[in-house]
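# Understanding the architecture of this molecule
Each chain, written out:
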Amino acid sequence: MAVGVGFAAPLGYLVVRSAADAGTVLDLWWSTRTLGPLARSLLVATAAAAAASLLGTALAWVATRTDVPGGRLWRVLLPLPLVVPSYIGAFALIAAFAPGGLLAGPLDALGVRRLPAAGGFWGAFVVLTLFSYPYVYLPVAARLRQLPPSLEESARLLGHRPARAFRTVVLPQIRDAIRAGTMLVFLYSVSDFGAVQLMRYDTLTRTIYATRLYDPSLSLALSLLLGMLAVGVVAAERAATRRPRPAQAPLGSPGLVVPLRRWRAPAVAFVAARVGLALAAPVGVLVFWAGRGLLRGSARAGALVTDLGSLVGPAVNTATLSVAAAVCAVVAVLPVAYLSARRSRVGGAANALVVGGFALPGLVIALALVFWTLQAPRTVGDLLYQTRSLLVAAYVVHFGAQALRAAQVAVGSLPPRVGDAARTLGAGRLRRLWAVELPLMAPGLLAGGGLVLLSAAKELPATLLLAPAGLQTLATKVWSATEDAFLADASVAALALVVLSGLLTWLLVIRQAEALE
């Protein structure tokens with residue numbers, strides 16, 4: 001339970017701090033300085049969640065339930081936009097439309113001399129939708145693979161057309177997966193900072209970051225509002241999904257494949273367009289600007305295009321901080337996984353608190369930790385403020401729930417007879433854990449740790465607020481170069497981050513997930 005309390009501490013601290021001046025907080029919530037950013041946050045998050053819901057569901061159905069050519073390749077490529085952080089996607093969009101950018105030459109040949117500036121609501125909406133749809137695609141695709149073919153076959157025998165069979169039979173079975181994925185997209189969008197900042201779209205997160213120093217009361221009030229909004233969305237989604245267990249296909253049964261016939265070419269074009277826009281296009285823009293910068297060089301001191309070795313330090317910092325966060329997260333949530341897997345009430349309560357930490361935006365967690373260290377006794381504050389330990393703690397609180405789910409699966413898969421046999425042979429509790437249980441749980445724990453590692457490597461707002469002075473990561477390198485309009489430098493750093501994220505995704509997430517199947 002102490003672990004769960006630790007995960008809930010940031011939101012609890014915001015509540016305590018706000019309760020001391022509740023009148024001021026309520027006044028700030030009803031002021032125009034709050035209502036405008038709140039409305040814009042809800043607008044872009046709702047629009048992105050709705051669009052990602054439709055896009056992710058359609059792509060999942062085409063990739064898993066039809067005879068679309070290259071289906072196996074699409075199933076590998078469609079989740080990969082997850083390795084591209086939203087702020088890199090936003091930067092790629094800005095760089096594509098910048099003067100002299102990738103689109104300038106082709107459009108100039110068509111007579112288009114001036115490109116519109118990428119930004120505002122539509123820029124943020126496009127970026128958040130393109131790079132968050134995998135949160136819907138992944139659970140829906142998994143659910144579609146579990147559906148017994150007999151459901152749709154029975155509907156077809158009753159004379160239902162494919163569209164009606166999907167609406168009346170398939171959709172009710174995948175509705176909870178769609179809802180869960182849509183909730184993740186909403187939380188991702190409402191808590192996003194990098195994309196809306198680069199697009200100059202004033203949401204709650206952008207206002208919180210801008211006012212954190214000169215108006216801390218407003219920043220605190222908006223942080224609490226954003227945290228309560230996120231937790232409320234999670235609670236509503238959990239309440240809406242308390243339903244009977246859906247139908248499952250028998251193990252080893254082949255899934256139903258719908259022939260596309262004359263729709264094969266449009267289906268391929270649809271899937272290829274999404275992969276192109278969400279993966280090939282941003283990577284292509286980054287390669288264009290990075291290549292041009294490397295070829296032309298720069299006379300500016302400290303330019304990345306003339307000193308690629310300066311990326312080594314940020315890359316090492318990114319890797320070490322992410323690995324530390326992954327290890328600490330797995331160690332922290334393993335006791336919670338044991339208790340929750342055994343249906344313990346304490347474990348269930350701790351599980352809810354850990355998930356609540358994931359619901360909080362990284363910016364809110366970082367601000368809460370900053371407020372806490374500044375208000376702590378001077379000795380404690382000096383030891384913690386702007387240290388690697390505090391930054392790793394923020395990563396663990398924010399992404400620990402990702403490790404928890406994998407750990408629960410790993411604990412639940414332990415055969416009881418193995419522990420009984422070890423106990424019969426006289427092995428104590430610690431020896432059973434070290435010699436028997438941990439080796440069996442290793443694939444699941446590595447998969448959960450890999451997800452935390454990947455998320456921590458891409459995290460931006462918490463890193464900006466909590467990193468020690470002088471410490472740079474690949475994410476902060478991208479951010480500082482973009483803010484200074486050094487597009488070639490930003491592209492080089494962004495490519496390094498995308499490559500690192502892609503390798504981590506393949507080695508520690510995809511391969512370990514396959515080991516669990």
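Turning our attention to the overall build of the protein chain. Across its full length, the protein chain holds 24 helices and zero strands. Of all 517 residues assigned to the protein chain, the portion counted as buried reaches 49%. Residue pairs at least 24 apart in sequence account for 82% of intrachain contacts in the protein chain once pairs closer than 6 positions are excluded. With an accessible surface of roughly 24000 Å², the protein chain has 66% of that area assigned to carbon and sulfur atoms.

Once that is clear, we can look at the packing of aromatic side chains. Under the criterion given, the structure shown has eight aromatic pairs. Look at Phe288 and Trp289: their rings are 5.8 Å apart centre to centre, the planes differ by 85°, and that puts the pair in the edge-to-face class. One aromatic cluster is present, formed by Phe121, Trp122, Phe125 and Tyr201 through successive ring pairs. Sitting above the plane of the Trp289 ring, Arg292 keeps its charged end 4.4 Å from the centroid.

Quick look at the nonpolar core now. Ranked by size, the top nonpolar core spans 146 residues in total, and within it Leu78, Tyr87, Ile88, Tyr133, Tyr137, Val140 and Leu466 carry the most contacts. No other element matches helix α19 (residues 388-412), which puts 13 residues into this core. Residues in contact with Tyr137, not counting those within four places in the same chain, are Gly56, Leu59, Ala60, Ala63, Trp74, Arg75, Leu78 and Pro79.

In this fold, Ala48 is placed in helix α3 (residues 32-65). Along the backbone, Ala48 and Phe131 are 83 residues apart, and their C-alpha atoms lie at a distance of 10.0 Å. Excluding residues within four positions of it along the chain, Ala48 makes contact with Phe125, Leu128, Thr129, Val185 and Ser189.

Counting buried residues in helix α23 (residues 474-483) gives eight out of ten residues, a clear majority hidden from the surface. Looking one or two residues beyond α23, the residue adopting positive phi is Ala485, at roughly 65°.

Once that is clear, we can look at the packing of helix α5 (residues 86-97) against helix α14 (residues 264-296). Look at α5 against α14: their axes get within 9 Å of each other, and the N-to-C directions meet at 60°. Relative to α14, α5 is oriented oblique. Crossing of α5 over α14 shows left-handed handedness. Where α5 approaches α14, its residues Ile88, Phe91, Ala92, Ala95 and Ala96 are matched on the opposing element by Pro282, Val285, Leu286 and Trp289. For the contact of α5 with α14, the class distribution of residues is nine nonpolar, no polar and no charged.

Right, let's get into a nonpolar patch on the surface. Taken together, Leu26, Trp30 and Leu35 make up a surface patch of nonpolar side chains, about 350 Å² in accessible area. For Leu26, the position within the fold is in helix α2 (residues 22-29). The class of Leu26 is partly exposed, set by a relative accessible area of 43%.

Our focus in this paragraph is unusual backbone geometry. Trans peptide bonds make up most of the peptide bonds, and negative phi angles are found at most residues other than glycine. Although it is not a glycine, Arg200 adopts a positive phi angle of roughly 55°. With respect to the secondary-structure elements, Arg200 resides in the loop between α11 (194-198) and α12 (204-211). Under the relative-accessibility criterion, Arg200 is labelled partly exposed at 48%.

Analysis parameters
Residues numbered from 1 in each chain as written. Predicted model: local features only at pLDDT ≥ 70, side-chain atom pairs only at ≥ 80, totals over all residues. Heavy atoms only, no water. Helix = DSSP H or I, 4+ residues; strand = E, 2+ residues; numbered from the N terminus. Buried < 20%, exposed > 50% of the residue type's maximum accessible area, 1.4 Å probe, protein only. Contact = heavy atoms within 4.5 Å. Areas by Shrake-Rupley, 256 points an atom, 1.4 Å probe, with all protein chains shown as cover. Phe/Tyr/Trp six-rings, centres within 6.5 Å; stacked < 30°, edge-to-face > 60°. Lys NZ or Arg CZ within 6 Å of the ring centre and 35° of its normal. Core = buried A, V, L, I, M, F, W, Y, C linked by side-chain atoms within 4.5 Å. Axes fitted to C-alpha atoms, helices over the stretch in contact; angles between N-to-C directions. Parallel < 35°, antiparallel > 145°, perpendicular 65-115°, else oblique. Left-handed = near helix turned anticlockwise from the far one by under 90°. Nonpolar A, V, L, I, M, F, W, Y, C, P; charged D, E, K, R; others polar. Patch = residues over 30% accessible without salt bridge, like charges linked within 9 Å, V, L, I, M, F, W, Y side chains within 5 Å. Salt bridge = Lys/Arg side-chain N within 4 Å of Asp/Glu carboxyl O.

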